[in-house]
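# Coordinate inspection notes
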There are 2 protein chains.
Amino acid sequence: MAAGSVSFRHFILGLLKQQPMSGYDIKRLLKGLGWLVDGPSFGNIYSTLHALLKDDLVTVKVIPNQNKPPRKVYSITEAGRQELHEWVNQPVTNNLSLKAFVMRLILAGSFSQARLVAHLQQRCEQVTAHHVALKQTVEALDEGADLQRLALDHALALATAELAWLDSTLKRLSRQPLG
Amino acid sequence: MAAGSVSFRHFILGLLKQQPMSGYDIKRLLKGLGWLVDGPSFGNIYSTLHALLKDDLVTVKVIPNQNKPPRKVYSITEAGRQELHEWVNQPVTNNLSLKAFVMRLILAGSFSQARLVAHLQQRCEQVTAHHVALKQTVEALDEGADLQRLALDHALALATAELAWLDSTLKRLSRQPLG
DNA sequence: GGGTTCATGTAATGGGTTACATGATTCC
DNA sequence: GGAATCATGTAACCCATTACATGAACCC
């Protein structure tokens, strides 16, 4: 319920906004694309779908399937669309999680170029802040804390790389928006 | 219980191996260092500590504190040391999670240089595999899936940066081991 | 005959968060 | 006088994973 929290609830709702799908379709889609590192499990997908249905954010259409279990294709409802819209417009809470970022990236991008850019900029701010904090921590570290330094160094390298990516991506998007 | 799963249970045990601490100390330590992005909550720390105590992996010493609530300082037991040792020596399951990696990094490093290097090499293999998978996915992507491409691109940038870091770090460690 | 894919679901469990509750001390 | 820090803990809840269960079709 927390503002900006990302659950698969919203993510799945976002996928259904783009096109009606069955639970199996969703699983396949997420499995096929390796970006989220690990897609949600079946259990999670199906129960999320049931929950969405209970809240009238989606509807089902059972489609009989030649000699196979019937497919249950879920579509987003008007209420679902609205909920999603509201959710995508509220700012993310201070959450650096990659998973959350990527999920929101997909969702925000499916709304409008402006939302996409706003989301990337927000990420930029957060990662910058994180980067600064890491640097300060490194400097405050006492001698001999080599492991901590190693871990911090790792985090710094990643943050730096991400900032570079965000920067170049934002520039590219301002030159040529996504189709 | 899964081999290689990282829970705070083991992480906390690892911290206690380095020095006895209270729950509050642990919280402060994790809060002070921003590396793990988000430290565990109080609830989690205290209940983990209780669980460790129940399993005889740690002991407590209650230290009365001038006009303050007494501090409960936990120390690792021999059984705890052994459990930790076994755990740190089993290979990580295919888990790309940064959090898991960093936690294990700290733990492995506190054992020996060899363990540390092994852990970094393992990470290297996993990230490489991930990188390859991402590239293949990008190539298999059909036209117009711009958002997916964006997300994949982001993931690729991070993976590339991490590999570079791992590579240079491994080289550096082989030249000059940690003190 | 045996594995893989399609397709759905349930139940148990785990791991963690948030919010709540308490209470003295120190700093502004 | 009021906030922050020190210091502990409990209980409710949420999200997600694992393992289990079912069953037919298709390919080797």
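Scope of this entry: the structure provided in the associated data block. Owing to the predicted nature of the structure, the values given are computational and were not obtained by experimental measurement.

A pair of packed helices is captured by two measures, namely the crossing angle of their axes and the spacing between those axes. Residues and elements named next belong to chain B. Contact geometry of helix α6 (residues 113-140) with helix α7 (residues 146-175) gives a least axis separation of 9 Å together with a crossing angle of 155°. Regarding the angle of α6 to α7, the classification is roughly antiparallel. Viewed along their axes, α6 and α7 form a crossing whose handedness is left-handed. Split by residue class, the contact of α6 with α7 holds 16 nonpolar, seven polar and four charged.

What follows covers the side chain of A:T169. Within the secondary structure, A:T169 is located in helix α7 (residues 146-175). Residue class for A:T169 comes out buried when judged on its relative accessible area of 1%.

You can overlay chain A on chain B at an RMSD of 0.1 Å; the transform is a turn of 180° with a shift of 0.0 Å along its axis. Each copy turns onto its partner about a two-fold axis. Interface residue correspondence from chain A to chain B reaches 100%, placing this contact among same-surface, isologous pairings.

Listed by partner, the interface residues are 35 residues for chain A and 35 residues for chain B. For the pair chain A and chain B, the summed buried area comes to about 3,100 Å², and 79% of that belongs to carbon and sulfur atoms. When the area that chain A buries against chain B is broken down by residue, the three leading residues are A:L147, A:L150 and A:H154, summing to 22%. There are zero salt bridges connecting chain A and chain B. For the pair chain A and chain B, the interface holds four residue pairs in polar contact (both at pLDDT 80 or more). Those elements that provide at least two residues to the side of chain A that touches chain B are α5 (98-109), α6 (113-140) and α7 of chain A. For the side of chain A that touches chain B, the element with the highest residue contribution is α7(A), accounting for 15 residues. Looking at the side of chain A that touches chain B, its residues break down into 21 nonpolar, 10 polar and four charged.

Criteria and cut-off values
- Residues numbered from 1 in each chain as written.
- Chains lettered and ligands numbered in written order.
- Predicted model: local features only at pLDDT ≥ 70, side-chain atom pairs only at ≥ 80, totals over all residues.
- Heavy atoms only, no water.
- Axes fitted to C-alpha atoms, helices over the stretch in contact; angles between N-to-C directions.
- Helix = DSSP H or I, 4+ residues; strand = E, 2+ residues; numbered from the N terminus.
- Parallel < 35°, antiparallel > 145°, perpendicular 65-115°, else oblique.
- Left-handed = near helix turned anticlockwise from the far one by under 90°.
- Nonpolar A, V, L, I, M, F, W, Y, C, P; charged D, E, K, R; others polar.
- Buried < 20%, exposed > 50% of the residue type's maximum accessible area, 1.4 Å probe, protein only.
- Least-squares fit on C-alpha atoms with pLDDT ≥ 70 in both.
- Contact = heavy atoms within 4.5 Å.
- Buried area = accessible area lost by both parts, 1.4 Å probe.
- Salt bridge = Lys/Arg side-chain N within 4 Å of Asp/Glu carboxyl O.
- Polar contact = N/O pair within 3.5 Å; in protein donor to acceptor, adjacent residues only side chain to side chain.

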